[in-house]
Number of protein chains: 2
Amino acid sequence: MHELTLADVVREHRRSRPETVALVDGDRRLTYPELDERTNRLAGALAAAGVGRGDRVLWLGVNSFRILELLVAVGKLGAVLCPANWRQSTDELRFVLDDLRPAVVVWESGPLEEALDPLRAGSDARWICHNGEGPEGYEEWIAGHPAVDPAVEVPDTDPVLLLYTAAFDGRPNGALLSHRALVSHSLVLGALRQPEEGFVFLDSGPLFHVGTMMFAAMTLVYGGTNVLLPTFDAELACTLIERERCQGAMLFPAMITQLVEANADRRFDLSSLRFGPFDEQWNSMITLDDSPWGRSFAGYGQTQVAGMLTFHGLGLGGLGTSGRPSLLAQVRILDADGAEVPDGTVGEIVARGPHVFSGYFRRPELTARTLRDGWHHTGDLGRREKDGTLSFVGPKLRMIKSGGENVYPAEVERALQEHPAVTGAAVIGRPDETWGQHVVAIVTVSEPVAEAELIAHVRGLVASYKKPKAVVVVDEIPRRGFTPDYDLLDDAHGGGGYPGS
Amino acid sequence: MHELTLADVVREHRRSRPETVALVDGDRRLTYPELDERTNRLAGALAAAGVGRGDRVLWLGVNSFRILELLVAVGKLGAVLCPANWRQSTDELRFVLDDLRPAVVVWESGPLEEALDPLRAGSDARWICHNGEGPEGYEEWIAGHPAVDPAVEVPDTDPVLLLYTAAFDGRPNGALLSHRALVSHSLVLGALRQPEEGFVFLDSGPLFHVGTMMFAAMTLVYGGTNVLLPTFDAELACTLIERERCQGAMLFPAMITQLVEANADRRFDLSSLRFGPFDEQWNSMITLDDSPWGRSFAGYGQTQVAGMLTFHGLGLGGLGTSGRPSLLAQVRILDADGAEVPDGTVGEIVARGPHVFSGYFRRPELTARTLRDGWHHTGDLGRREKDGTLSFVGPKLRMIKSGGENVYPAEVERALQEHPAVTGAAVIGRPDETWGQHVVAIVTVSEPVAEAELIAHVRGLVASYKKPKAVVVVDEIPRRGFTPDYDLLDDAHGGGGYPGS
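Computed from a prediction, not measured in an experiment: that's the story for all the values here.

1. Considering the overall build of chain A
Now for step 1: Check the secondary structure of chain A and you find 16 helices and 28 strands.
Now for step 2: Across its three principal directions, the C-alpha atoms of chain A cover 75 × 50 × 45 Å.
Now for step 3: Here chain A holds 501 residues, and 59% of them are scored as buried.
Now for step 4: Taken together, the 47 basic and 68 acidic charged side chains of chain A have centroids lying 4 Å from each other.

Set out below in structure tokens:
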């Protein structure tokens, strides 16, 4: 009675928006009634292949309308879709396959085939080629099943989407997002972005990433049109924006630069696109988005909250760097003992609310550590400012204990990086007989700078016990993804003695 | 972990919006931290008076900030607030008191006292005078309790608000609305009305009615400011709009006319108010609201869905008279056997989704009849148009069965009323040996019109079996509230033989 799954969303749009195009991909255009019918066939095909409640379906391919219809179809069965990062190596994909144990793999022939071929050999799953012909080709596979709604009662707290998150500890973890998480996040994102009837979104980023998926879900929930871009290509993006009159897109500065270049001669009419300002040329091609999202987009987010936990648009002009929490979330900043810290103090960001994820797939211990005492522990550090806005400080990763006080490397690194000569910074703890540990800074610099000056600079920004006792200048800081490789740095610079280690 | 109650909303705003005024009432201004503290004291006072999970608190007074703080406070305990219609007679209020069996009654001294005094005598409840002094006065009562959060775990599916609904069958029924219903409806209403940071709403209608309460809840959820108008007074409304820079208000045409009159000399600056267009004068005093809600407000709603089930703003330019469903609702149109009817056919509107109510208080049979087979049966008739938009046709009330076909009086009445001479219409069924029943129209007219002409007129608009066999012209149609009094009409005009009767 009070449930609403993504499948229900499509069941309703089928009736309420019979003429609206739900998905556009190349020459293919699916209206909502067609989407509902195809996802019925697809659910039938999946069920016949053994997919039931809680089972996984793996997508190995670039962006396609089929990712979104698979999402709805698995939702009709209470199953889970994982659109994997196709840029990964065969070994990385093998890890995903072994970890996920999918009942069905929908894969893409063509350039990706070389990486996928070795995986198919030993796999128990049913492999369907989404762009292939014949009985193992997707279209023939689903055509054999009737367009009858499976009519399975699926609680909207059931997970429907699994996205692997950044592997800080060397191993990707599958974050499970429920129907309710995706639908409720969509409502909040929409409250900021204000899509109206007839909204058209260009899925110009990868759907295996929450940044694009959250907009695809929002567009679905609002009954709009998702236009799929297989992979980013500036010319094709311009063509689609013009042809489909796209109002939104997922664009980073580097992508905007490419769009501006591709449209330097004004071949394309991009005026339907409502987006934030960039440079003079860009601003004159598009329509500036005056929604709260458009005036200051994003905030602080992560896959584990289905997208954004805080929004700049809810804290316009505020003191914090990350705005205010989602209208459907509670956020607290906790110390290492789980107590709320006073405003202005850095601690771990924890959250609760309907769009928090359901845990990690097959990681009971990590899940229990992350979702505990009624709160999702984000593993990120933040600070509540005097006006209630939040500032994201950095990943928590690990803690240094010096003189009984907790020191989070990210906070000290941020302070170091505010010095004009510092181009990169990482902070470790060295064992210390008196203090347990002391703080050591490893930095890269653009010009020579005295150790004492850097230490004084940090002291001016954070509590004294957090300042480095020593500064090491290096040519390059080793990284694992975005974050410093602390294990390597510890080895190289004498780090150790961390609490709990 | 995934819950969010109205109490949680305030707990978060306390931290995220420490400087924002939550409630304004006369000279009183409560910030969110103050609201959170007062509701902690209040929850303590209520708990001490025996209020626990599922218990009721009755408000008997005009609009006040205390209704909204009571709502949050009962929410902290899992209890339920009923703001009653204070315009009711002593006998009507006695029914409410007997039906609700509240643990605490918060009442208002002054003009209402005469109606309330007889009720207090035999009541077991604790009576607190919200505008009175001494130990039974509200402020002293709550001052004695510490501002400590009761920290009771309250599922957001627990009811928190009870509103009595129109008594079609002669007896008001208390519709229970959960935290989740109010919060999720607020998100959808906000998606249409687009309140932004700093939103200020004037509660200019009665909070015992869902029409104002839904905006008060939305304003709370969005972290805005609710400004309370005790009862409607055009001059005071203008004063408050100007002083508080109100952006929204609950206004019907008659109220707008009064505001325009009160501000004929332009004493008040009402330009902060964003509202739909009315007349030339109004349009020039305010700022036209260009949100989807402002461009075409409302839709079809009822207390049992926490406000609106469909929104004009989601069907701008559509064929139907009521727009499209809430983004968090599914709607179906069913025939008398519970099967979905084809587009264009009138049937009962049923709905499901997170903002559907939780049932009627102490009405297990009515609740079972209303919330069945996974759907809320609204008791209203509607039609799905070809473009997916919906048209509200009228209350279902009862059905006529003629020749095996179902005829809903409201549909025939609507057809009759489209004739220029007809000023009012009611339709009953008369027992018929051949057909079971036949349709009889009772009408009031502005000028004489032939029976045959009216029958032909109806025949041109609806299926033949729905047309009246006889038309009776009367001076006045007896009504019960908005709807014809069918029992009286049956007695006077030979109605009877209804299916199931």
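The structure having been displayed, the exposition proceeds.
2. Some remarks on the UniProt feature "domain: AMP-binding enzyme C-terminal" (unreviewed entry) in chain A
Now for step 1: UniProt annotation of "domain: AMP-binding enzyme C-terminal" (unreviewed entry) refers to residues 411–479 of chain A when read in the numbering used here.
Now for step 2: For residues 411–479 of chain A, the helix share is 23%, the strand share is 38%, and the end-to-end C-alpha distance is 17 Å.

3. With respect to the nonpolar core
Now for step 1: With 164 residues, the main nonpolar core has A:L46 and B:L46 as its most contacted residues.
Now for step 2: Discounting chain neighbours no more than four positions away, the residues touching B:L46 are B:V51, B:V57, B:L70, B:A73, B:V74, B:L77, B:V104 and B:W141.

4. Topic: the domain arrangement of chain A
Residues and elements named next belong to chain A.
Now for step 1: Partitioning chain A into structural domains gives domain 1 (6–178 + 190–195 + 202–222), domain 2 (299–395) and domain 3 (400–493).
Now for step 2: Across the boundary between the two partners, domain 2 contributes eight residues, which contact six residues of domain 3.
Now for step 3: Carbon and sulfur atoms make up 63% of the surface buried where domain 2 meets domain 3, a total of about 640 Å² over both sides.
Now for step 4: Broken down residue by residue, the surface that domain 2 buries against domain 3 is led by V346, L381 and V393, which jointly contribute 54%.
Now for step 5: The interface formed by domain 2 and domain 3 includes zero salt bridges.
Now for step 6: Broken down by secondary-structure element, the contributors of at least two residues to the side of domain 2 that touches domain 3 are β18 (346–352) and β21 (390–395).

5. Description of the relation of the copies chain B and chain A
Both copies of the chain are related by one operation, a rotation about an axis with a shift along it.
Now for step 1: Once chain B has been moved 0.0 Å along the axis and rotated by 180°, it coincides with chain A to within an RMSD of 0.1 Å. Such a turn and shift between the copies fits a two-fold axis. No C-alpha of chain B approaches the rotation axis more nearly than that of B:A191, which lies at 2.6 Å.
Now for step 2: Here 100% of the interface residues in chain B have copies in chain A that are interface residues too; the copies meet face to matching face.

6. Regarding the packing of aromatic side chains
Now for step 1: In total, this model carries 20 aromatic pairs over all chains according to the counting rule given.
Now for step 2: For the ring pair A:Y300 and A:F392, a centre distance of 5.1 Å and an interplane angle of 20° mean the geometry is stacked. Separated by 92 residues along the polypeptide, A:Y300 in strand β14 (residues 299–302) and A:F392 in strand β21 bring together distant segments of the chain.
Now for step 3: Among the residues examined, A:Y300 registers a relative accessible area of 4% and is labelled buried.
Now for step 4: Sitting above the plane of the A:W375 ring, A:R352 keeps its charged end 5.8 Å from the centroid.
Now for step 5: Positioned above the aromatic ring of B:W107, the side-chain terminus of B:R120 is 4.0 Å from the ring centre.

7. Re the sheet that holds strand β9 (residues 200–203) of chain B
All names here are of chain B.
Now for step 1: The mixed open sheet is built from five strands, whose spatial order is β2-β1-β10-β9-β11. Edge positions in the open sheet fall to β2 (28–31) and β11 (248–249), since each of these has one partner strand only.
Now for step 2: Relative to β2, strand β1 (residues 21–25) runs antiparallel, the two being bridged by four bridges. By the bridge assignment for β2, D25 is matched with R28.
Now for step 3: Sitting on the sheet, helix α9 (residues 234–244) is in contact with β1, β2, β9 and β10 (225–228), with an inclination near 165° to β9.

8. Here we look at the environment of B:V72
Residue and element names in this part refer to chain B.
Now for step 1: Mapped onto the elements of the fold, V72 is located in helix α3 (residues 65–77).
Now for step 2: Considered as a pair, V72 and R11 are 61 residues apart in the sequence and their alpha carbons are 10.0 Å apart.
Now for step 3: Other than its neighbours up to four places away in sequence, V72 contacts A7, V10, T39 and L220.

9. Points about α3(B)
Residues and elements named next belong to chain B.
Now for step 1: End to end, α3 covers 19 Å across 13 residues, agreeing with the expected 18 Å (1.5 Å per residue, within 8%).
Now for step 2: Counting buried positions along α3 gives 13 out of 13 residues, so the element sits mostly inside the fold.
Now for step 3: The residue sitting at the N-terminus of α3 and contributing the capping side-chain oxygen is S64; that oxygen lies 2.9 Å from the backbone nitrogen of R66.
Now for step 4: Note on α3: the residue one or two positions beyond its end, G78, has a positive phi of about 80°.

10. With respect to the pairing of strand β8 (residues 173–178) of chain A
Residues and elements named next belong to chain A.
Now for step 1: Most of β8 sits inside the fold, with six of its six residues counted as buried.
Now for step 2: Residues N173, A175 and L177 of β8 are buried on one face, and the alternating residues G174, L176 and S178, pointing to the opposite face, are buried as well.
Now for step 3: When strand β7 (residues 159–165) meets β8, the two strands line up antiparallel, connected through six bridges. Paired with L162 across the two strands is L176, which belongs to β8.

11. As for unusual backbone geometry
Now for step 1: The backbone phi angle of A:A298 is positive, close to 65°, even though this residue is not glycine.
Now for step 2: Tracing the backbone through its elements, the reader meets A:A298 in the loop between α12 (292–295) and β14.
Now for step 3: For B:D373, which is not glycine, the phi dihedral falls at a positive 55°.
Now for step 4: Within the secondary structure layout, B:D373 lies in the loop between β19 (371–372) and β20 (375–384).

12. Overview of the interface of chain B and chain A
Now for step 1: Taken together, the contact pairs 52 residues of chain B with 52 residues of chain A.
Now for step 2: Note on chain B versus chain A: buried area summed over both sides is about 4400 Å², and carbon and sulfur give 50% of it.
Now for step 3: Scanning the region where chain B abuts chain A turns up 12 salt bridges.
Now for step 4: In this structure, the salt-bridge partner of B:R352 is A:E153, at a minimum N-O distance of 3.8 Å.
Now for step 5: Taken together, the links from chain B to chain A amount to 26 residue pairs in polar contact (both at pLDDT 80 or more).
Now for step 6: Elements with a minimum of two residues in the side of chain B that touches chain A: α1 (6–16), α7 (179–193), α12 (292–295), β16 (324–325), β17 (330–334), β19 and β20 of chain B.

13. Thoughts on the pattern of salt bridges
Now for step 1: Per the stated rule, a full pass over the model turns up 69 salt bridges over all chains.
Now for step 2: The closest approach of N and O atoms between B:D99 and B:R362, which form a salt bridge, is 3.5 Å. With a gap of 263 residues between them, B:D99 in helix α4 (residues 90–100) and B:R362 in the loop between β18 (346–352) and α13 (364–370) connect regions that are remote in the sequence.
Now for step 3: If you follow the salt bridges from partner to partner, you end up with A:R28, A:R38, A:R66, A:E69 and A:E139 in one network.

14. So, the side chain of A:T219
Now for step 1: For A:T219, the location among the structural elements is in helix α8 (residues 210–221).
Now for step 2: Ignoring sequence-local partners within four residues, the contact set of A:T219 consists of A:Y32, A:F199, A:F201, A:G224, A:T225 and A:N226.

15. Comments concerning the side chain of B:S272
Residues and elements named next belong to chain B.
Now for step 1: Structurally, S272 can be placed in the loop between α10 (253–262) and β12 (274–275).
Now for step 2: On the basis of relative accessible area, S272 is assigned to the buried category, the value being 12%.
Now for step 3: The residues contacting S272, other than those within four sequence positions of it, are I241, R245, C246 and Q247.

16. Let's talk about the environment of B:H130
All names here are of chain B.
Now for step 1: Structurally, H130 is set in the loop between β6 (126–129) and α6 (138–143).
Now for step 2: Sequence-wise, H130 and R120 are 10 residues apart; in three dimensions their C-alpha atoms are separated by 15 Å.
Now for step 3: Apart from the residues lying within four places of it in its own chain, the contact partners of H130 are W59, S64, R66, V106, W107, E108 and Y138.
Now for step 4: Of note is the side chain of H130, whose polar atom sits 2.9 Å from the side chain of R66.

Thresholds applied
- Residues numbered from 1 in each chain as written.
- Chains lettered and ligands numbered in written order.
- Predicted model: local features only at pLDDT ≥ 70, side-chain atom pairs only at ≥ 80, totals over all residues.
- Heavy atoms only, no water.
- Helix = DSSP H or I, 4+ residues; strand = E, 2+ residues; numbered from the N terminus.
- Buried < 20%, exposed > 50% of the residue type's maximum accessible area, 1.4 Å probe, protein only.
- Lys, Arg positive; Asp, Glu negative; His and termini not counted.
- Charge placed at Lys NZ, Arg CZ, Asp CG, Glu CD.
- UniProt positions renumbered as here; feature names shortened; annotations may be inferred.
- Core = buried A, V, L, I, M, F, W, Y, C linked by side-chain atoms within 4.5 Å.
- Contact = heavy atoms within 4.5 Å.
- Domains from an automatic or database assignment.
- Buried area = accessible area lost by both parts, 1.4 Å probe.
- Salt bridge = Lys/Arg side-chain N within 4 Å of Asp/Glu carboxyl O.
- Least-squares fit on C-alpha atoms with pLDDT ≥ 70 in both.
- Phe/Tyr/Trp six-rings, centres within 6.5 Å; stacked < 30°, edge-to-face > 60°.
- Lys NZ or Arg CZ within 6 Å of the ring centre and 35° of its normal.
- Pairing = 2+ DSSP bridges.
- Axes fitted to C-alpha atoms, helices over the stretch in contact; angles between N-to-C directions.
- Expected span 1.5 Å × (residues − 1).
- Polar contact = N/O pair within 3.5 Å; in protein donor to acceptor, adjacent residues only side chain to side chain.

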